[in-house]
Amino acid sequence: MRFHKSKKTKAGRNDPCPCGSGLKYKKCCLRKGDAGVPTFEGTRNLYYRKYKICLKSREDIEGIRKTGQLVTKTLDFVEEKIRPGMTTDEINTLVHEFTIRNNATPAPLNYRGYPKSTCVSVNEVICHGIPGDRVLKDGDIVNVDVTSVLKGYYADANKTFFVGTPGDDAKKIADIAKESMKVGISMVRPGNTIGDIGWAIQNCAEKRGGTVVREFVGHGVGFEFHEAPQVPHYGKRGDGIVMVPGMVFTIEPMINLGRKELYVMKDKWTAVTKDRSLSAQFEQTILVTESGFESLTPY
Ligand code: MF3
Ligand code: CO
Ligand code: CO
């Protein structure tokens, strides 16, 4: 992605600012940099001031992209090894060792007291499953969520895998969750809003008979594990912050086959569907580019 310092705009002084702030152009980016030219620095200052969003430079993006490549390689490595009979803790060991071997750090370990290097969420577990003694059995679905830190840059992605041969419900919920993530990603471009993403995801998931978890959202990522903005996986078209180039955030819808409600177990982490129905999730780290989006954790 490139930031064009000299990009011309047709906006008049009293028109809404092209950076999407909702302010008049003359009160916003027109005041910054060269007259009539909204610079990256101007928009970066504005987005930080207004929303605490840290826009990423070209150099930052290169760093996050490198971490993202490691994250997707880690998911591929795990996928190859998943088998019935394996414990969730064995998956944690695979992720931990692969990450360290590649000179990176697993972000979950000790994050707000989290005790492991990855989250492993089986069947009715929505997210934040703590790896342990649970044994994977044929027909299970298992989500593995990997966040790595390489040279200070974070990238975050997850996938739901089949253990052995999936049943019809397993196939259905995994497929809905994956398609929901994809339609959410397809809404990412400058000028669209964060609400457009949630709207598209909810529309897709509910049309196909899934429900959208409300308690967990996508998030800015790159300099830290969880940054502004929050990215809900439900919502209304046109609501929320306007996307601008240089924003990096995750899209990670959790979709249930039954009701959307959840409870968190006594370990304070493991989130489970209240009705014990299956839940699936897919996550990628997405960059807003000048023309649309780029996945920094492509798969
Ligand atoms: N990787 C999760 C996410 O997608 C967050 C896990 S927090 C942890 O945002 F502490 F459980 F690792
Ligand atoms: Co995330
Ligand atoms: Co994640």
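In the block above lies the structure referred to throughout.
The notes below deal with the structure included here. (Residues numbered from 1 in each chain as written. Chains lettered and ligands numbered in written order. Predicted model: local features only at pLDDT ≥ 70, side-chain atom pairs only at ≥ 80, totals over all residues. Heavy atoms only, no water.)

Six octahedral donors around a metal ideally make angles of 90 or 180 degrees; four tetrahedral donors ideally make 109.5 degrees. Those protein atoms acting as donors to the cobalt ion (ligand 2) are D156 (OD), H219 (NE2), E252 (OE) and E283 (OE), and they sit at 2.0 to 2.2 Å. In this structure, the cobalt ion (ligand 2) is coordinated by six donor atoms arranged in irregular fashion, with angles at the metal of 52 to 164°. All donors to the cobalt ion (ligand 2) come from one chain, and their sequence spacing reads D-x62-H-x32-E-x30-E. The distance between the cobalt ion (ligand 2) and the cobalt ion (ligand 3) is 3.3 Å, with D156 acting as a donor to both metals. Residue H219 is found in strand β7 (residues 218–220), and its partner E283 is found in the loop between β13 (279–281) and β14 (284–288); the two are separated by 64 residues along the sequence. For the pair shown, H219 and E283 are each scored as buried. (Donors = N, O, S within 2.8 Å, 3.2 Å for Na, K, Ca; no water. Tetrahedral: all angles 85-135°; square planar, octahedral: opposite > 155°, others 65-115°. Helix = DSSP H or I, 4+ residues; strand = E, 2+ residues; numbered from the N terminus. Buried < 20%, exposed > 50% of the residue type's maximum accessible area, 1.4 Å probe, protein only.)

Right, let's get into the coordination of the cobalt ion (ligand 3). Around the cobalt ion (ligand 3), the protein contributes the donor atoms D145 (OD), D145 (OD), D156 (OD) and E283 (OE), which lie 2.1 to 2.4 Å from the metal centre. Around the cobalt ion (ligand 3) sit six donor atoms, and with donor-metal-donor angles ranging over 57 to 170° the site reads as irregular. Every donor residue of the cobalt ion (ligand 3) comes from the same chain, spaced as D-x10-D-x126-E.

All right, on to the packing of helix α4 (residues 168–186) against helix α5 (residues 194–207) then. In helix packing, the relevant descriptors are the interaxial angle and the interaxial distance, both defined with respect to the helix axes. Packing of α4 against α5 leaves a shortest axis separation of 8 Å and a crossing angle of 150°. One way to sum up the angle between α4 and α5 is to call them roughly antiparallel. Crossing of α4 over α5 shows right-handed handedness. The residues of α5 that touch α4, namely those facing I176, E179, S180, V183 and G184, are I197, A200, I201, C204 and A205. Along the lines of polarity and charge, the residues of the contact of α4 with α5 split into seven nonpolar, two polar and one charged. (Axes fitted to C-alpha atoms, helices over the stretch in contact; angles between N-to-C directions. Parallel < 35°, antiparallel > 145°, perpendicular 65-115°, else oblique. Left-handed = near helix turned anticlockwise from the far one by under 90°. Contact = heavy atoms within 4.5 Å. Nonpolar A, V, L, I, M, F, W, Y, C, P; charged D, E, K, R; others polar.)

With that settled, the discussion passes to the site of ligand 1. Within the structure, ligand 1 sits among 14 residues, and D145, H219, H226, E252 and E283 are positioned closest to it. Within the side chain of D145, an N or O atom sits 3.0 Å from a nitrogen atom of ligand 1. Computed on the free molecule, ligand 1 has an accessible area of 340 Å², of which 96% lies beneath the protein chains in the complex. Judged by its atoms lying within 2 Å of the grid points, ligand 1 is housed in the largest pocket. In the shell around ligand 1, the residues fall into six nonpolar, four polar and four charged. (Near = heavy atom within 4 Å. Polar contact = N/O pair within 3.5 Å; in protein donor to acceptor, adjacent residues only side chain to side chain. Areas by Shrake-Rupley, 256 points an atom, 1.4 Å probe, with all protein chains shown as cover. 1 Å grid on protein atoms, 1.4 Å probe; cavity = no way out; pocket = protein on both sides within 12 Å on 5 of 7 lines; lining within 4 Å. Sits in = over half its atoms within 2 Å of the grid points.)

Glycine aside, negative phi is the norm for most residues, and most peptide bonds take the trans geometry. Residue A228 is joined to P229 through a cis peptide bond whose omega torsion reads 0°. Notably, K52 is not glycine yet its phi reads approximately 60°, a positive angle. In this fold, K52 is placed in the loop between α1 (40–51) and α2 (58–81). Positioned with a positive phi, R276 is a non-glycine residue whose angle comes to about 65°. The topology assignment puts R276 in the loop between β12 (271–273) and β13. Judged by relative accessible area, R276 falls into the exposed class, the value being 56%.

What follows covers the sheet that holds β12. Hydrogen bonds between backbone groups are what pair the strands of a sheet, and the pairing can be parallel or antiparallel. Read from one edge of the open sheet, three strands run β3-β12-β11, paired in antiparallel fashion. Since the sheet does not close on itself, it has two edges, and those belong to β3 (125–127) and β11 (262–264), each with one partner. For this sheet, the mean angle separating the axes of adjacent strands, direction not counted, is 40°. Of the strand pairs in this sheet, β3 and β12 are connected by two bridges, and their pairing is antiparallel. Bridged to C127 within β12 is A271. (Pairing = 2+ DSSP bridges.)

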